[in-house]
Amino acid sequence: DAKTTQPNSMESNEEEPVHLPCNHSTISGTDYIHWYRQLPSQGPEYVIHGLTSNVNNRMASLAIAEDRKSSTLILHRATLRDAAVYYCILSSTGTASKLTFGTGTRLQVTL
Amino acid sequence: GAGVSQSPSNKVTEKGKDVELRCDPISGHTALYWYRQSLGQGLEFLIYFQGNSAPDKSGLPSDRFSAERTGGSVSTLTIQRTQQEDSAVYLCASSLVGQSYGYTFGSGTRLTVV
């Protein structure tokens, strides 16, 4: 499976935008980029996914580099409830859509 | 139901006993996954069911672990002769089939082996 690299942790102030980076330099042409987050003591929660074009939903935006070797999850206005571990994952055709979770980025949000 | 339901939410068992964990996926989701998460660690894939296909068991850590999915719906993960290292949160997820669909996770079963 193609690998992703994320910073271990990031901090943000409440009501500020947050840009969470992810590098995936070995991504293949058919890999989707998925983002999940895991709040404390909960199961992971789907955030957003995309293939080539930037994507927006009610939770976040996903900006995908033109060469697809990196992407950025954007939270437009962080709140305390956004404090979580954020996982960037590639979905590979050969693994029948099985997702392999890495260690993710722990986001701290402060007042 | 509206989400993925797992039971029990907590289970404490003695070392050497067998345990069964249940997962009720979202209706219509043909793909079902089991993961486990040890304290402070990431998610570890265990097994994946898709429709009537043979399950992908590549993540099961030993032959003490098994899972079945009856009627393409409810799944049971069984751990025989539990060991202390089996203590973890066991998470189930379901999805529609295909790379472009996201998973919906349950809240997990916290298993403690004493």
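This one's a predicted model, so the numbers in the text were calculated from it and none came from an experiment. (Residues numbered from 1 in each chain as written. Chains lettered and ligands numbered in written order. Predicted model: local features only at pLDDT ≥ 70, side-chain atom pairs only at ≥ 80, totals over all residues. Heavy atoms only, no water.)

Explain the sheet that holds strand E9 (residues 105-110) of chain A to me, please; I cannot follow it from the model alone.
Sheets are built from strands paired through backbone hydrogen bonds, the pairs being either parallel or antiparallel. Residue and element names in this part refer to chain A. If you trace the five strands from one edge of the open sheet to the other, you get E1-E9-E8-E3-E4, paired in mixed fashion. Every interior strand has two partners, whereas the edge strands, strand E1 (9-13) and strand E4 (45-50), have only one. When strand polarity is set aside, the average angle formed by the axes of neighbouring strands in this sheet is 25°. Pairing of strand E3 (residues 32-38) with strand E8 (residues 84-91), which is carried by seven bridges, proceeds in the antiparallel orientation. (Pairing = 2+ DSSP bridges. Helix = DSSP H or I, 4+ residues; strand = E, 2+ residues; numbered from the N terminus. Axes fitted to C-alpha atoms, helices over the stretch in contact; angles between N-to-C directions.)

Hey, could you run me through the interface of chain B and chain A in this one?
A common way to report how large an interface is uses the accessible area buried once the components associate. Taken together, the contact pairs 19 residues of chain B with 20 residues of chain A. Of the roughly 1,500 Å² buried where chain B meets chain A, counting both sides, 52% is carbon and sulfur surface. Viewed at the interface, chain A and chain B are joined by zero salt bridges. Viewed at the interface, chain A and chain B are joined by four residue pairs in polar contact (both at pLDDT 80 or more). At the level of elements, strand E4 (31-37) and strand E5 (43-50) of chain B are the ones that each hand at least two residues to the side of chain B that touches chain A. (Contact = heavy atoms within 4.5 Å. Buried area = accessible area lost by both parts, 1.4 Å probe. Salt bridge = Lys/Arg side-chain N within 4 Å of Asp/Glu carboxyl O. Polar contact = N/O pair within 3.5 Å; in protein donor to acceptor, adjacent residues only side chain to side chain.)

Please explain the nonpolar core as it appears in this structure.
By size, the foremost hydrophobic cluster in this structure holds 21 residues, and its most contacted members are Leu20, Ile33, Trp35, Leu73, Leu75, Tyr86 and Leu107 of chain A. For this core, the secondary structure elements donating two or more residues are strand E2 (18-23), E3, E4, strand E6 (61-64), strand E7 (70-75), E8 and E9 of chain A. With near-sequence residues (within four places) excluded, Leu73 of chain A lies in contact with Val18, His19, Leu20, Trp35, Val47, Ile48, Ala60, Ser61 and Tyr86 of chain A. Grouped together as the second largest cluster of nonpolar side chains are 20 residues, Val19, Ile47, Ala67 and Leu111 of chain B included. (Core = buried A, V, L, I, M, F, W, Y, C linked by side-chain atoms within 4.5 Å. Buried < 20%, exposed > 50% of the residue type's maximum accessible area, 1.4 Å probe, protein only.)

Sorry if this is basic, but what is going on with the pattern of salt bridges here?
Side chains that differ in sign of charge can pair as their charged atoms come close. Counting across every chain of the model gives six salt bridges over all chains. When the shortest N-O distance is used, the salt bridge between Glu15 of chain A and Arg77 of chain A registers 3.3 Å. Here Glu15 of chain A is found in the loop between E1 and E2, whereas its partner Arg77 of chain A is found in the loop between E7 and E8, with 62 residues between them in sequence. Residue Glu15 of chain A shares its accessibility class with Arg77 of chain A, and that shared class is exposed. Salt-bridge contacts for Arg22 of chain B lead to Asp24 of chain B; the nearest nitrogen and oxygen are separated by 3.6 Å. Given the relative accessible area of 28%, Asp24 of chain B is considered partly exposed. Several salt bridges share partner residues, and in doing so they unite Arg37, Glu45 and Asp82 of chain A into one network.

How should I be thinking about the state of the cysteines in this particular structure?
Think of a disulfide as a covalent bridge from one cysteine sulfur atom to another cysteine sulfur atom. Summed over all chains, the structure comprises two disulfides over all chains. The disulfide partner of Cys22 of chain A is Cys88 of chain A, and the gap between their sulfur atoms is 2.1 Å. For the disulfide bridge between Cys22 of chain A and Cys88 of chain A, the dihedral angle about the S-S bond is near -80°, and by the sign convention the bridge is left-handed. Linking Cys22 of chain A in strand E2 with Cys88 of chain A in strand E8, this pair joins segments that are 66 residues apart in sequence. Side by side, Cys22 of chain A and Cys88 of chain A carry an identical accessibility label, which is buried. Disulfide pairing is shown between Cys23 of chain B and Cys92 of chain B; the S-S distance is 1.8 Å. Note on the Cys23 of chain B and Cys92 of chain B pair: the S-S dihedral is about -65°, so by sign convention the disulfide is left-handed. On the criterion of sequence distance, the pair formed by Cys23 of chain B in strand E3 (residues 19-24) and Cys92 of chain B in strand E8 (residues 88-95) is long-range, its members being 69 residues apart. For the pair formed by Cys23 of chain B and Cys92 of chain B, the shared burial category is buried. (Disulfide = S-S within 2.5 Å.)

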